[in-house]
Structures are given as C-alpha cells and as structure tokens.
Amino acid sequence: MLTAIAAAFLGGIILNLMPCVFPVISLKALSLIRHHESPSHARAEGLAFLLGVVVTMVALTAVLLLARAGGASVGWGFQLQSPLVIAALILVMLGSALNLLGLFEVGLSVQRVGEVGGDRGGLVGSALTGALAIIVATPCSAPFMASAVGYALTQPPLISLVIFISLALGFAAPFTLISFFPVLARILPKPGAWMITLKQGLAFPMLGAVGWLIWVLERQAGSAALAAILACCLLFSFAAWLYGMAQKRRMMGQRHWVLHVATAFFLALVVVPLLNLNRFAEAPAETATASQAAAAVAWSPQNVDAIKGQGKPILVNFTASWCITCQVNDRTSLSTQAVKAAMARTNTIYMVADSTKYNPDVEQALSDFGRGGLPLYVVYPADGGKPEVLPQVLTPGIVISALNQATEKGNKS
C-alpha cells in the first residue's frame, strides 16, 4: 500500500508534464504572475489550487467507487466516455478562453472590468482552476500512475481514497510549492501592459483544447453530435459577448438588464442541443482508432483465447480517442514503419481494443491486468505463455524488442 501511495504521488507530479494538462498551465501561469509581488496572495492561491485539486479528486473517486460498487467496470478517465461530460468540458474551456481574451470578466467589480485581475474572487478562481486541471488530466496516464491506480481499484474504499488523494497531492505539489517561494518573483518582470497581451495569448492553448475535445466528441458520437456542439459553442460565445456588453454598460452607468436577460436566453438555448448528445452517441460511430487500424483484428476476450498459442505473437492496443497518451504512442511508435515492418516479420496479430465509448469487456480486461486506466499494451507470446505488459509511454524500440522476444518464445517451444 505504501508503495502504491508513493507511486501515485510521483505519478501525480509527472502528470503535470503530460499534454493533457498543458491548456490549464495558462491559468496557473496567469495566477502566479498576477500576485508575484504579493507573497501572501500567492501562497493563498497556491493553497486554494491544492484544495480544488483534492476536493475534485475526492468527488471523482467517490463517483468511480460507487459505479464499481454498482457493478460497472470503469477506471481512470471514465467520465470522458460520456458525451455530456465532454460537451461540458468544451464549454468550460471555451468560456475560459473567451475570458482570457477579454470578452467578459469574472469576479471583478465595475471599476476593475478590463483589468488583468484582482484580489476578489482570486481564491475561488484558483480552486476552480485546480478542479479543471485534475478533470482535464484524466485523459493522460503518467508513469508510475497505472500500477498505483490499478492497485487502488482492487482495495477497500478507504485505501482507494488514500491512494487517489496521494495522486492529487502529487499533481498539485509543483504549483503549490512554487507559490510558497517568493524568491521566484524576482525573476518575473514588473507588471505592465504586457500582462494583458500575455493573458490574451494564453487563451490559445485553451482554444486548442476545445478543438481536441470537439474531435473526440465527433469520434465518439458522430457527425450529428459535431453539429450539436458547434451550435452550442456559437450560442455560448454569443451569450458571453452579450454578458461582456452588459458589464461595460454597467461600468458606464447605463441600463444593462435587457442584455442580462438576453444572455440568460441564449445560455438556455445551449442546453437544447446538449440534451440530444446521449441519443447521438447510441448510434454506431466509427472511431479514429478503428479507422486508422483497418487491418487490425477486432479485439475481444474470445478472439484472444481462440488465437493465442497458435505460433503467432499477439499485440493488443487498449486505446480510446480521448486518451492523449494513446494518440501520441500511436503516432510515435505503433504507426511507424519500423514497428509495422517488425509486425510483418514476426507475423504478429495486431488487435485494437477501443474504449472511446464504454466497453465493459475492455474495462474488465484493464482490471484483470491490474490497470486502472488507459493506455495498456499487451503482447502475448507465440507459444501462448504469460503475456507481457508494455510501458505506458512507448518507443519503437520497446515494441520491436517485445515482439522479437514473443516470437523467440514460440520458436523455442
């Protein structure tokens, strides 16, 4: 248990370096810059960020454990199998980007509209940034994390909760510790107009995350869901623009309640397309991983049992469109010519187990291998012996070496 706690903490630290968290780095950076001349405010925001991360992790863990207690086989990142959750994240990311671009302000008094920040609402904003950070981190799985999460999901609820809290503490540790060292403030330039430019520039990583999530939603629920979320984004952006206009009118002492009513009306319209997303997801939709691996054999536990031990290695790729680590590994390793040539030379049977939508067989397989989330790569030797689980971050050399060893076992037998 202590090993799992330590691995979860270390994995949480490394998770900050994974691509999933990059969009939220802009919000972290802005928070540090805003109060770099006030160490007490910086420390308070660091603690608020830590609280937001831990509370959100506890909430996610509670939902995860309740779902598993109810018989559902779900793991790390399970919420991204829901189109509604993805759509909500899209709108949150879009709202953050529009706020950074200055279309509207949050938590500011009339006199502060248009400024980079203020003390009021800063702690709440940092806590919400922590909550958003841990939610968008779930599509990634860092080294040391997989075994810790897999172990946690096989333990009693209290032990599972302790391990997940350790993961949250590791994830929040870098930003929180930095906020406690005011000496770093000396490195930062003095406040000025450049802060507004930086704030606007940091909106673009958020917009990049919006684009990625829209792509995931289209792969998960099809073109009808794509049209629905684009309509939601348009209505949401228009509502944000109206809200920003209302703030400016209020600042000038003009009547603004009509704009607030219009804002509420268009926000209500956003809900209409969202209500149909689950219905769209029920229709079959070709996923990106399935289309890219057209030559792959369809994975199922029955297919593996029928094929293994017949003189050919089997490589199973447990993946999903929403899993960024999976997509990176596919581009940098599995789709390379060197790995494809090794598969052909060793007569490897390549299988793709897709979990873009909820797949109970995939979730059960992850549990059987002691993993709490994606990605998972398993190589079955040609002689039908014990399968080898590959690291979560692949290189072509790792895959080729595993395939060669799996083939040699078959030749020896």
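Residues numbered from 1 in each chain as written. Predicted model: local features only at pLDDT ≥ 70, side-chain atom pairs only at ≥ 80, totals over all residues. Heavy atoms only, no water.

Let us look at a nonpolar patch on the surface. On the surface, a cluster of nonpolar side chains totalling about 400 Å² of accessible area is made up of Phe 9, Leu 10, Ile 13, Phe 144 and Leu 169. Top element by residues in the nonpolar patch is helix H1 (residues 2-15). It accounts for 3 residues. (Patch = residues over 30% accessible without salt bridge, like charges linked within 9 Å, V, L, I, M, F, W, Y side chains within 5 Å. Areas by Shrake-Rupley, 256 points an atom, 1.4 Å probe, with all protein chains shown as cover. Salt bridge = Lys/Arg side-chain N within 4 Å of Asp/Glu carboxyl O. Helix = DSSP H or I, 4+ residues; strand = E, 2+ residues; numbered from the N terminus.)

This next bit is on the sheet that holds strand E5 (residues 388-389). Hydrogen bonding along the main chain pairs the strands of a sheet, whether they run parallel or antiparallel. With mixed pairing, the 5 strands of this open sheet are ordered in space as E1-E3-E2-E4-E5. Unpaired on one side and paired on the other, strand E1 (297-298) and E5 mark the two borders of the sheet. When strand E4 (residues 376-380) meets E5, the two strands line up antiparallel, connected through 2 bridges. If you follow Val 378 over to E5, its bridge partner there is Val 389. (Pairing = 2+ DSSP bridges.)

Grouped together as the largest cluster of nonpolar side chains are 107 residues, with contacts concentrated most on Ile 90, Met 93, Phe 164, Ile 229, Trp 299 and Phe 318. In terms of residue count, helix H10 (residues 223-251) provides more of this core than any other element does, 11 residues in total. Taken together, domain 1 (1-68 + 76-282) and domain 2 (297-411) each give at least three residues to this core, which thus spans both. Once residues lying within four places of it in the same chain are set aside, the contact partners of Phe 318 are Trp 299, Cys 326, Ala 353, Val 362, Ala 365, Leu 374, Pro 375, Leu 376 and Val 378. (Core = buried A, V, L, I, M, F, W, Y, C linked by side-chain atoms within 4.5 Å. Buried < 20%, exposed > 50% of the residue type's maximum accessible area, 1.4 Å probe, protein only. Domains from an automatic or database assignment. Contact = heavy atoms within 4.5 Å.)

Within the UniProt annotation, "transmembrane region" (unreviewed entry) is assigned to residues 6-25, 46-66, 86-110, 122-146, 158-184, 196-217, 223-245 and 257-275. This span, residues 46-66, is 100% helix and 0% strand, and a straight line between its end C-alpha atoms measures 30 Å. Note that residues 196-217 is 95% helix and 0% strand, and that its end C-alpha atoms are spaced 32 Å apart. (UniProt positions renumbered as here; feature names shortened; annotations may be inferred.)

The next point concerns helix H11 (residues 257-275). Between the first and last C-alpha of H11 there are 28 Å, a value that for 19 residues agrees with the 27 Å anticipated at 1.5 Å per step. Listed as buried for H11 are Leu 259, Thr 263, Phe 266, Val 270, Pro 273 and Leu 274. The arc enclosing the buried residues of H11, seen along the axis, measures out at 105°, which places them on a common side. Along H11, exposed side chains directed more than 90 degrees from the buried face belong to Trp 257 and Leu 275. (Expected span 1.5 Å × (residues − 1). Arc of directions from axis to C-beta.)

What follows covers the pattern of salt bridges. Within the structure shown, the criterion is met by 3 salt bridges. Put simply, Lys 308 and Asp 305 hold a salt bridge, and the shortest N to O gap is 3.8 Å. Note on Lys 308: relative accessible area 34%, which makes it partly exposed. In this structure, Asp 330 and Arg 331 form a salt bridge, with 3.1 Å as the shortest nitrogen-oxygen distance. Relative accessible area serves as the criterion here: at 12%, Asp 330 is assigned to the buried category. What makes Arg 331 partly exposed here is its relative accessible area of 47%.

Here we come to the packing of aromatic side chains. Tallying each qualifying case throughout the model produces 6 aromatic pairs. Look at Phe 238 and Trp 241: their rings are 5.5 Å apart centre to centre, the planes differ by 35°, and that puts the pair in the tilted class. Of this pair, Phe 238 and Trp 241 both sit in helix H10, 3 residues apart, which is roughly one turn of the helix. Relative accessible area serves as the criterion here: at 33%, Phe 238 is assigned to the partly exposed category. Feature note: the residues Phe 238, Trp 241, Phe 265 and Phe 266 constitute an aromatic cluster, connected by ring pairs. (Phe/Tyr/Trp six-rings, centres within 6.5 Å; stacked < 30°, edge-to-face > 60°.)

Before going further, it helps to spend a moment on the pairing of strand E3 (residues 349-354). Counting buried residues along E3, 6 of its 6 residues qualify, which places the element largely inside the surrounding structure. Burial along E3 is two-sided: Ile 349, Met 351 and Ala 353 and Tyr 350, Val 352 and Asp 354, pointing in opposite directions, are all buried. Relative to E3, E1 runs parallel, the two being bridged by 2 bridges. Note that in E3 the partner of Ala 298 across the bridge is Val 352. Where strand E2 (residues 314-319) and E3 come together, 6 bridges link them in parallel fashion. Within E3, the position partnered with Leu 315 by the bridge is Tyr 350.

This part covers unusual backbone geometry. Residue Leu 374 is joined to Pro 375 through a cis peptide bond whose omega torsion reads 0°. When you line up the elements, Pro 375 lands in the loop between helix H17 (360-368) and E4. Phi is positive for Asn 347, which is not a glycine, with a value near 55°. Classification of Asn 347 by relative accessible area gives partly exposed; the value is 47%.

Let's shift gears to the pairing of E4. By the criterion of burial, E4 is predominantly enclosed, with 5 of the 5 residues buried. Residues of E4 alternate between two faces, with Leu 376, Val 378 and Tyr 380 on one and Tyr 377 and Val 379 on the opposite face, all of them buried. Pairing analysis gives 5 bridges linking E2 to E4, with the strands arranged antiparallel. Bridged to Val 316 within E4 is Val 378.

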